[in-house]
Amino acid sequence: MLSACPPEILTRIADLELVARIIVEGLVSGLHRSPFHGYSAEFSQYRHYQPGDDLKYVDWKLVARTDRVYTKQFRETTNMAAGLVIDTSASMAFGSKLRYSTIVAAALAYVISRQGDAIGLMASADGREVFRPARAGRPHLSRVLGALSALTAHGDWNAREAIGRAAQRLKRRGMLIVLSDFYDNDDTIFAELRRASRIGHEIIMFQLMSREELEFPYSCDLEFADLETGQKVTVNADIAGPAYKDAIAAFWNGVARAPHPKGFSTRSSRPTRRPSVLCGVS
Amino acid sequence: MSVAAPILVHLLAHRRAKPMPFPTLRFIPPTRLAAIRRRALEDVLLLVVRAGILTAAVAALAGPLLLTPARRASWNNRVVRAIVTTPGTQVSDAGAFRSQRFEANSIPEAIHRAVAWLESSPPARHEVIIAAPLTIGSITDRDLAAVPAAIGIRFERTGTVPPARTIEGRRIMSPTGTRRRILTLDHGETSVREASDTASAAWPIDVVSRPESRHFVDAAIAAALSERVWEPPSDRRVEFVVVSDEDGATSPSPDIQPIRSPWMADALAAIARDAELQAEASHTTSGLAGRFARAPWRPIVRTSGGQPIASAAASSQSPQRLVIVVPAAATRHLVTPLLLRSLANSLAPVTDAAADEIVPIPETRLRAWARQAGPPAVPKADTIDRDDRRWLWAIALLLIAAESWLRRPRRATSDAIQAEEATRVA
């Protein structure tokens, strides 16, 4: 995700809708077409050309036939619904992963809603399920962004149940966007995602990790405490570092490069800079 | 102790690994631990420097004083001087490290204050200079004995001694009344003249006797007065009881008690030293009954046979009244007027006119009293004018600078890490 505004400033902006808008405006200005396909419009009627109409909607064939200038008018139809599934387990509280996750989700929601498509949300806050059905329109976008702002990282995340329910609640074929670190039971998550794919949904996975998780910049004896389970282990970080980095790299690549069925769009990205949160898009 | 304690606590305290929250422990392999169990000191040099800072600071707060030979010599080369003078006297205190004047009309009182001031002064040779006319009586051995031996004493004779002085001497009781004695003291020569006094003193001896003995006693009193006796203080009275032969053994004794008053004891001692009285008493044969020879009576004059002619005791009713008992037969003898004369003279206190003379203290005496100031002793903590704490503070500052310099690489590393953290982006 690129934006014209420096990331360290974006993270300090509390208004999620503003952040999303800044990101999307920066993104859209650099692209020639929307990255999210699925938008379409249905021809509705002709009307006489009026000064100021966009010339690309002029039916030139009709001009040739009738010597009169007519402008096409379309009726926009939403033919896609997207559901955001946010991992709010305690592991997402490490660094600014949850914050980054909500920013990415907000930007995606803004883009999708701006195209006229429906956007929904499945997450949890303080142990309670947060669900927003997939709907179009700006008021609903505000509700989704408001729910994103209230998300907190807490406890563990039942990924299988969350993904399954989100997939079921998308009433028509759509897009399922999952943002997580995918620490929780990989096989179960992928199985559920494959099931959603078989239903007909398009799956987009965002794997988020902090730099400390990937590079393990620790030394001396440290007592590591699992944020989700509370378990503790005391190790010498200098000795554990190399083995840890190999294992986490294998995990990272495993998620990015695992064979997935059709309907999974996979793309892995390695950081060229040194952001605190590295985002791999699968 | 203050330095060792934090080090010991640091070493003995259980060193626990720093807790580090982490998203998941899946990928962290178990390893052996490095330094938790060891008690080894790290960075010994930094520890030594820090301990040195603490030690120097604690020592500086204590205000230590190093007694070096150079310091002792510097103390010995300076003088703290207390100048005792009478009002209006000017004395130079040049060359003194510190000096203070103590003026008073009473030299001993000023010496006392001067000594107290010297004992609270910084270490140095201490001396007292007594600048006064230095007349006999103004300073005594006892006054100078209160000056500690380490404090030197010097005398400077200032002012002038008055050429002559007149004082009132003792008063005399005579047949013609009381007379005043006037003494003129003039450079060691004393002259006396008498003058009549309008106020006549009362005869201090009250006589208690039978009428037949009374005129003998009055004659004895007149005879004693003709000898001119000293006038006693008005609060000293004597009851002279003449006991007849008939009632000497049976008459009730006056209400008396043993003698405890010093002036009464002095009077009886003076009577006992009157050789003329004692000699005349030895020629007398009649004395008092046996009970007047026993306590609380004290025989003061005896016959040749040892029988008391006169016995004394103190009155119980009037503690300042001396009771003398004599037999009636003795009133016809010379012993009675001699006893009355001796008794009257012994009641008056003896004075020494020489003590009132204004005579300068001889130089030989002053030289005997004078002495050099002794070397300064180990001073009290609150008298030290300058100790060595400033060197210790300087050492502490140098060590602080060294400590900062030793921590320089660590700070650079820490700054680099913080700069790296600041450039991270979300």
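Residues numbered from 1 in each chain as written. Chains lettered and ligands numbered in written order. Predicted model: local features only at pLDDT ≥ 70, side-chain atom pairs only at ≥ 80, totals over all residues. Heavy atoms only, no water.

A. Local environment of the overall build of chain A. In terms of helices and strands, chain A carries nine helices and ten strands. Out of the 282 residues in chain A, the part that is buried amounts to 48%. Partitioning the intrachain contacts of chain A with sequence separation of at least 6 by distance along the chain shows that 70% fall at a separation of at least 24. (Helix = DSSP H or I, 4+ residues; strand = E, 2+ residues; numbered from the N terminus. Buried < 20%, exposed > 50% of the residue type's maximum accessible area, 1.4 Å probe, protein only. Contact = heavy atoms within 4.5 Å.)

B. Structural context of the pairing of strand 7 (residues 202–210) of chain A. Residues and elements named next belong to chain A. Counted residue by residue, strand 7 has eight buried out of nine residues, so it is predominantly covered. Both strand 6 (residues 174–180) and strand 7 contribute to a ladder of six bridges, which runs parallel. Residue Val 178 lies in a different strand from strand 7, and its bridge partner there is Met 205. (Pairing = 2+ DSSP bridges.)

C. Fine view of the sheet that holds strand 8 (residues 221–226) of chain A. Read across the open sheet, the three strands follow the order 9(A)-8(A)-1(B); overall the sheet is mixed. Edge strands, defined here as strands with exactly one partner in the open sheet, are strand 9 (232–236) of chain A together with strand 1 (18–22) of chain B. The mean angle between the axes of side-by-side strands here comes to 30°, regardless of whether they run parallel or antiparallel. Pairing analysis gives five bridges linking strand 8 of chain A to strand 1 of chain B, with the strands arranged parallel. Bridging from a neighbouring strand, A:Glu223 pairs with B:Pro19 of strand 1 of chain B. (Axes fitted to C-alpha atoms, helices over the stretch in contact; angles between N-to-C directions.)

D. Quick peek at unusual backbone geometry. At the junction of B:Ala295 and B:Pro296, the peptide bond is cis and its omega measures out at 10° in the coordinates. Inspection of the secondary structure puts B:Pro296 in the loop between helix 8 (275–282) and strand 14 (298–302). Here the phi dihedral of A:Phe216 falls at roughly 50°; this positive angle occurs in a residue that is not glycine. When you line up the elements, A:Phe216 lands in the loop between helix 8 (211–215) and strand 8. Classification of A:Phe216 as buried rests on a relative accessible area of 3%.

E. Representation of the pattern of salt bridges. Residue and element names in this part refer to chain A. Inspection of the entire model under this criterion finds 30 salt bridges over all chains. In this structure, Glu 215 engages Arg 211 in a salt bridge whose closest nitrogen and oxygen atoms are separated by 3.1 Å. Note that Glu 215 and Arg 211 are positioned in helix 8 at a spacing of four residues, about one turn of the helix. Judged by relative accessible area, Glu 215 falls into the partly exposed class, the value being 30%. Look at the salt bridges and you will find they share partners, linking Glu 129, Glu 161, Arg 165 and Arg 169 into a network. (Salt bridge = Lys/Arg side-chain N within 4 Å of Asp/Glu carboxyl O.)

F. Looking closely at the side chain of B:Thr303. Note on placement: B:Thr303 falls in the loop between strand 14 and strand 15 (308–315). Residue B:Thr303 is classed as buried on the basis of its relative accessible area, which comes to 8%.

G. Geometry of the confidence of the model for chain A. Residue and element names in this part refer to chain A. Of the residues in chain A, 76% reach a pLDDT of 70 or more, and the chain-wide mean stands at 78. pLDDT under 50 marks residues 31–35. Its contacts with residues more than four places away, or in other chains, come to one contact. Here residues 266–282 scores under 50 on pLDDT; set against residues more than four positions off or in separate chains, the count is 62 contacts. (pLDDT = per-residue confidence, 0-100.)

H. Structural view of helix 5 (residues 138–149) of chain A. Residues and elements named next belong to chain A. Across its twelve residues, helix 5 extends 16 Å between first and last C-alpha, which sits within 8% of the 16 Å expected from 1.5 Å per residue. If you check which residues of helix 5 are buried, you get His 140, Leu 141, Val 144, Leu 145, Ala 147 and Leu 148. Along the axis of helix 5, the buried residues cluster in a sector spanning 160°; they form a single face. (Expected span 1.5 Å × (residues − 1). Arc of directions from axis to C-beta.)

I. Expanded view of the nonpolar core. All names here are of chain A. Grouped together as the largest cluster of nonpolar side chains are 41 residues, with contacts concentrated most on Val 85, Leu 176, Tyr 218 and Phe 224. If one sorts the elements of this core by residue count, helix 9 (residues 237–257) sits on top with seven residues. Beyond its immediate chain neighbours, meaning those up to four positions away, Leu 176 contacts Gly 83, Val 85, Ile 163, Ala 166, Ala 167, Leu 170, Ala 196, Glu 202, Ile 203 and Ile 204. (Core = buried A, V, L, I, M, F, W, Y, C linked by side-chain atoms within 4.5 Å.)

J. Expanded view of the environment of B:Arg390. All names here are of chain B. Following the sequence through the fold, Arg 390 ends up in helix 11 (residues 389–406). Taking relative accessible area as the criterion, Arg 390 reaches 35% and is therefore assigned partly exposed. When the C-alpha positions of Arg 390 and Pro 64 are compared, they lie 9.8 Å apart, and in sequence the two are 326 residues distant.

K. Main features of the sheet that holds strand 4 (residues 125–132) of chain B. All names here are of chain B. Pairing in this open sheet of four strands is parallel, and the strands run 3-2-4-5 from one edge to the other. Every other strand in the sheet has two partners, leaving strand 3 (98–103) and strand 5 (152–157) as the edge strands with one partner each. The mean inter-strand angle of the sheet, taken between neighbouring strand axes irrespective of direction, is 20°. Pairing of strand 2 (residues 79–85) with strand 4 involves seven bridges; the strand directions are parallel.

L. Structural context of the packing of aromatic side chains. Under the definition given, this model contains 18 aromatic pairs over all chains. One aromatic cluster is present, formed by A:Phe94, A:Tyr183, A:Phe216, A:Tyr218, A:Phe224, A:Tyr244, A:Phe251, B:Phe22 and B:Phe27 through successive ring pairs. Just above the ring of A:Phe131 sits the side chain of A:Arg169; from NZ or CZ to the centre is 4.0 Å. Lying over the aromatic face of B:Phe97, B:Arg78 brings its terminal NZ or CZ to 4.1 Å of the ring centre. (Phe/Tyr/Trp six-rings, centres within 6.5 Å; stacked < 30°, edge-to-face > 60°. Lys NZ or Arg CZ within 6 Å of the ring centre and 35° of its normal.)

M. Just the pairing of strand 6 of chain A, in detail. All names here are of chain A. Counting buried positions over the seven residues of strand 6 gives seven, a clear majority of the element. Here strand 3 (residues 81–86) pairs with strand 6 via six bridges, running parallel. Considered in strand 6, the bridge of Gly 83 is made with Leu 176.

N. Representation of the environment of B:Pro360. Residues and elements named next belong to chain B. For Pro 360, the location among the structural elements is in the loop between helix 9 (335–347) and helix 10 (363–369). Owing to a relative accessible area of 34%, Pro 360 belongs among the partly exposed residues under this scheme. For Pro 360 and Thr 160, which are 200 residues apart along the polypeptide, the C-alpha to C-alpha distance reads 9.4 Å. Those residues within four positions of Pro 360 in sequence are excluded, and the remaining contacts are Leu 134, Thr 135, Ile 136, Arg 157 and Val 161.

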